[in-house]
Amino acid sequence: RSSGLYVSPLLVLMLAAGIAFGYAAEILSYLAAVAMHELCHAAYAAKKGYTLSAFKLMPYGACLTGAFEGAPPADEIKLALVGPASNAVAAVATVALWWIAPETYFYTEIFAAANVFTALVNLVPVFPLDGGRALLAALSVKFRRARVYKGMRAAGLVFSLTLFGLAF
């Protein structure tokens, strides 16, 4: 039950530039991997009866928004991990396809890499990535959620600044 799709105008511009410079296969592979990832989150949320309000595609990734407050930690963990799991399954299935039909390698190599990358990045235990959401839910069983959330936001900032510093 989703009521909206939001696509960032900056993302549209970035996609157009990428296609113009010859990266259409990479763009389509990553869009497919990210869309499948988010749709699996959406399917699990809908199965559990949570209301979704929007599916957002932005330059730095995608996300679902909705009413998940009060969800049991086990549901939160499963909801967070179903996206990366779908990417892992897609990557393994793509690699398995290479044994059955090796000629598909040329057409599917980027898709396999996109799924591996999407799964691994999302498993980083930094909020708001899926790994961070799962860790937040797990720690909230033992500690006050507000305190865990605050600590995870601070850790996410430190992690982001560290990556930014390493980029230089």
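Note: the structure precedes this text.
Along each chain, numbering runs from 1 in the same order as the chain's sequence is written. Two thresholds apply to this predicted model, a pLDDT of at least 70 for residue-level local features and 80 or more for giving and counting side-chain atom pairs, whereas whole-chain, interface and lining totals are computed over all residues. The side-chain values count all of the structure's non-hydrogen atoms but skip hydrogen atoms and water molecules.

Q: Outline unusual backbone geometry, supporting the account with residue identities and numerical values.
A: Backbone torsion omega between Phe127 and Pro128 reads 15°, so that peptide bond is classified as cis. Helix numbers and strand numbers start at the N terminus; a helix is a DSSP run of H or I with at least 4 residues, a strand a run of E with at least 2. Looking at the element boundaries, Pro128 is found in the loop between helix 4 (105–123) and helix 5 (130–140).

Q: Which residues make up a nonpolar patch on the surface, and what values go with them?
A: Taken together, the side chains of Leu81, Val116, Leu120 and Leu123 define a hydrophobic patch exposed on the protein surface, amounting to about 330 Å² of accessible area. Counting residues per element, the nonpolar patch draws most heavily on helix 4, at three residues. With respect to the helices and strands, Leu120 occurs in helix 4. Residues form patches when they are more than 30% accessible in relative terms and have no salt bridge. Like charges link within 9 Å. Nonpolar side chains (Val, Leu, Ile, Met, Phe, Trp, Tyr) link within 5 Å. Every accessible area reported is derived by Shrake-Rupley at a probe size of 1.4 Å, with residue values counting cover from the shown protein chains alone. Basic side-chain nitrogens of Lys or Arg form a salt bridge, by our definition, when they fall within 4 Å of a carboxyl oxygen of Asp or Glu.

Q: Any details on the nonpolar core? Residues and values, ideally.
A: With 13 residues, the main nonpolar core has Ala45, Phe55, Leu57 and Ala62 as its most contacted residues. Those elements that place two or more of their residues in this core are helix 2 (24–47), strand 2 (51–58) and strand 3 (61–67). When residues of this core are assigned to their parent elements, the largest contribution, four residues, is made by helix 2. Note on contacts: a residue pair is in contact if any heavy atoms of the two residues lie within 4.5 Å. In this view, Ala62 contacts Val34, Glu38, Phe55, Lys56 and Leu57; residues no more than four positions away in its chain are not counted. As used here, the term nonpolar core means buried Ala, Val, Leu, Ile, Met, Phe, Trp, Tyr and Cys residues forming a set that is joined through side-chain atoms within 4.5 Å. Under the scheme applied here, a residue whose accessible area is under 20% of the maximum for its type counts as buried, over 50% as exposed, and between as partly exposed, the area being computed with a 1.4 Å probe on protein chains only.

Q: Can you tell me about helix 5, naming the residues and giving the values?
A: Taken as a whole, helix 5 has its buried residues at Asp130, Gly131, Gly132, Ala134, Leu136, Ala137 and Ser140. Packed against the buried residues of helix 5 are helix 2, helix 3 (73–100), helix 4 and helix 6 (145–167).

Q: How would you summarise the pairing of strand 3 if you had to cite specific residues and measurements?
A: Taken residue by residue, a regular strand's side chains alternate between the two faces of the sheet. Strand pairing follows a simple DSSP-based rule, namely that at least 2 bridges must link the two strands. Here seven bridges tie strand 2 to strand 3, and the two strands are oriented antiparallel to one another. Counted as the bridge partner of Phe55 is Leu64 from strand 3. Where strand 2 folds back on strand 3, the antiparallel hairpin that results is connected by two residues.

Q: Could you give an account of the sheet that holds strand 2, with specific residues and numbers?
A: Strand order in the open sheet formed by three strands is 1-2-3, with mixed pairing between adjacent strands. The open sheet terminates on both sides in strands that have one partner only, identified here as strand 1 (5–7) and strand 3. Across the sheet, the mean angle separating the axes of adjacent strands is 15° when strand polarity is ignored. The sheet contact formed by strand 1 and strand 2 spans three bridges and is parallel. In the strand pairing of strand 2, Tyr6 is matched with Lys56. Running at roughly 55° to strand 1, helix 1 (residues 9–20) makes contact with strand 1 and strand 2 of the sheet. Helix axes are fitted to C-alpha atoms over the stretch in contact, other axes to C-alpha atoms as well, and angles between N-to-C directions run from 0 to 180 degrees. Strands in contact with helix 2 are strand 2 and strand 3; relative to strand 3, the strand with the most contacts, it is inclined by about 15°.

Keep in mind these values describe shape, not function.
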